[in-house]
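Remarks on the overall topology
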Amino acid sequence: MVKSKVLVVGGTGYIGRRLVRASLNQGHPTYVLQRPEIGLDIEKVQMLLSFKRCGAHLVEGSFSDLRSLVDAVRLVDIVICTMSGVHFRSHNILMQLKLVEAIKEAGNVKRFLPSEFGMDPALMGHAIEPGKVTFDEKMAVRKAIEEAKIPFTYISANCFAGYFVGNLCQLSSLTPPKDIVYLYGDGNVKAVFLDEDDIATYTIKTIDDPRTLDKTVYLRPPENILSQRQLVEMWEKLSGRTLEKRSISTEDFLASMKGLNYAEQVGVGHFYHIFYEGSLTNFEIGEDGEEGSQLYPEVQYTRMNEYLKIYT
């Protein structure tokens with residue numbers, strides 16, 4: 001089967017760079033949008049050039065120039081957008097509406113994968129403020145995609161290991177705590193954790209798969225459905241160190257939002273839904289969804305005890 005041509009928008013970002021590599025590794029002709037707004041950001045320029053050395057095609061386009069986006073989209077079959085949706089980095093979810101407009105005008109795209117990759121926003125209408133904005137904006141993009149009758153796949157990739165596993169789910173660091181670990185409630189609510197490279201591998205596998213057309217693909221590899229307490233126990237076993245465990249009640253956790261800046265409040269809200277409410281695992285996948293590790297059992301996904309070894 002001829003491999004679809006793929007355009008990655010946001011290819012120098014945290015997830016985007018992994019998707020570029022996964023697309024190349026799986027044999028897809030791969031294009032990366034090179035935006036003039038990159039300016040003097042030498043690291044991004046060098047990353048783009050490294051993609052080119054690996055066989056990717058760089059195509060210029062700007063969100064301030066619709067025609068350039070249309071021209072870029074017309075080169076490919078699949079468009080994947082990975083623009084940032086986290087407030088402490090950059091938050092550009094609604095910029096995708098311009099991309100939706102370009103895809104609609106181009107008329108040739110077989111599938112669009114918008115920037116999602118976290119919790120399923122369709123299940124988060126009840127989310128607390130101000131974190132609700134992330135889900136509301138993703139749903140606005142979905143509405144535009146579906147009204148334009150653009151074929152789609154939505155990826156729900158749950159917790160990125162780089163942000164949630166190495167730090168044992170602590171909010172203030174990306175590396176393991178030395179002495180004290182704070183547990184959310186009793187620490188027994190189940191979440192789902194994935195190595196970011198695995199997220200990219202699963203995502204690229206969906207793009208030519210008729211089973212995932214117009215569906216949400218949830219990435220729930222069974223051995224990575226874990227509680228925070230289980231992660232802590234894994235770390236203690238690997239490190240040979242016992243941490244003091246302090247539990248934070250729901251009330252105290254939500255009260256901690258007071259005095260935080262906007263981006264921090266968004267983060268606390270999302271952690272609440274994941275670790276107190278269990279929003280990643282408290283539902284069954286319906287007929288509009290598929291589970292990635294069941295679709296692609298050949299993917300040897302990274303288990304979190306293996307992932308944690310690099311931190312020892």
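Shown above is the structure to which this text applies.
Residues numbered from 1 in each chain as written. Predicted model: local features only at pLDDT ≥ 70, side-chain atom pairs only at ≥ 80, totals over all residues. Heavy atoms only, no water.

Right, let's get into the environment of Val192. In this fold, Val192 is placed in strand 9 (residues 190-194). Along the primary structure Val192 and Gln228 are separated by 36 residues, whereas in three dimensions their C-alpha atoms are 10.0 Å apart. (Helix = DSSP H or I, 4+ residues; strand = E, 2+ residues; numbered from the N terminus.)

So, about the sheet that holds strand 4 (residues 78-81). The 5 strands lie next to each other as 3-2-1-4-5, forming an open sheet whose pairing is parallel. Each of the sheet's edge strands pairs with one partner strand only, and the pair in question is strand 3 (57-60) and strand 5 (111-113). Ignoring strand direction, the axes of neighbouring strands in this sheet form an average angle of 25°. Pairing analysis gives 4 bridges linking strand 2 (residues 30-34) to strand 3, with the strands arranged parallel. Note that in strand 3 the partner of Leu33 across the bridge is Val59. (Pairing = 2+ DSSP bridges. Axes fitted to C-alpha atoms, helices over the stretch in contact; angles between N-to-C directions.)

On to the packing of aromatic side chains, then. Tallied over the entire structure, the rule returns 14 aromatic pairs. Pairing Tyr184 with Phe271 gives two aromatic rings, centres 5.9 Å apart and planes at 80°, and the pair type is edge-to-face. One end of the pair, Tyr184, is in strand 8 (residues 180-184); the other, Phe271, is in helix 10 (residues 262-277), and 87 residues separate them in sequence. Its relative accessible area of 4% is what places Tyr184 among the buried residues. Here the aromatic residues Phe164, Tyr184, Phe253, Phe271, Tyr272, Phe275 and Tyr276 are joined through ring pairs into a cluster of three or more. The positively charged end of Arg220 is found above the aromatic ring belonging to Phe283, 4.5 Å away from the centroid. (Phe/Tyr/Trp six-rings, centres within 6.5 Å; stacked < 30°, edge-to-face > 60°. Buried < 20%, exposed > 50% of the residue type's maximum accessible area, 1.4 Å probe, protein only. Lys NZ or Arg CZ within 6 Å of the ring centre and 35° of its normal.)

Inspection of the secondary structure puts Thr281 in the loop between helix 10 and strand 13 (289-291). Along the chain, Thr281 and Leu226 lie 55 residues apart, while their C-alpha atoms are 9.9 Å from each other. Those residues in contact with Thr281 that lie beyond four places of it in its chain are Lys190, Ala191, Val192, Arg220 and Ile225. Polar contacts involving the side chain of Thr281 include one to the main-chain carbonyl oxygen of Lys190, which spans 2.9 Å. (Contact = heavy atoms within 4.5 Å. Polar contact = N/O pair within 3.5 Å; in protein donor to acceptor, adjacent residues only side chain to side chain.)

Keep in mind that these numbers describe shape and distance, not what the molecule does.
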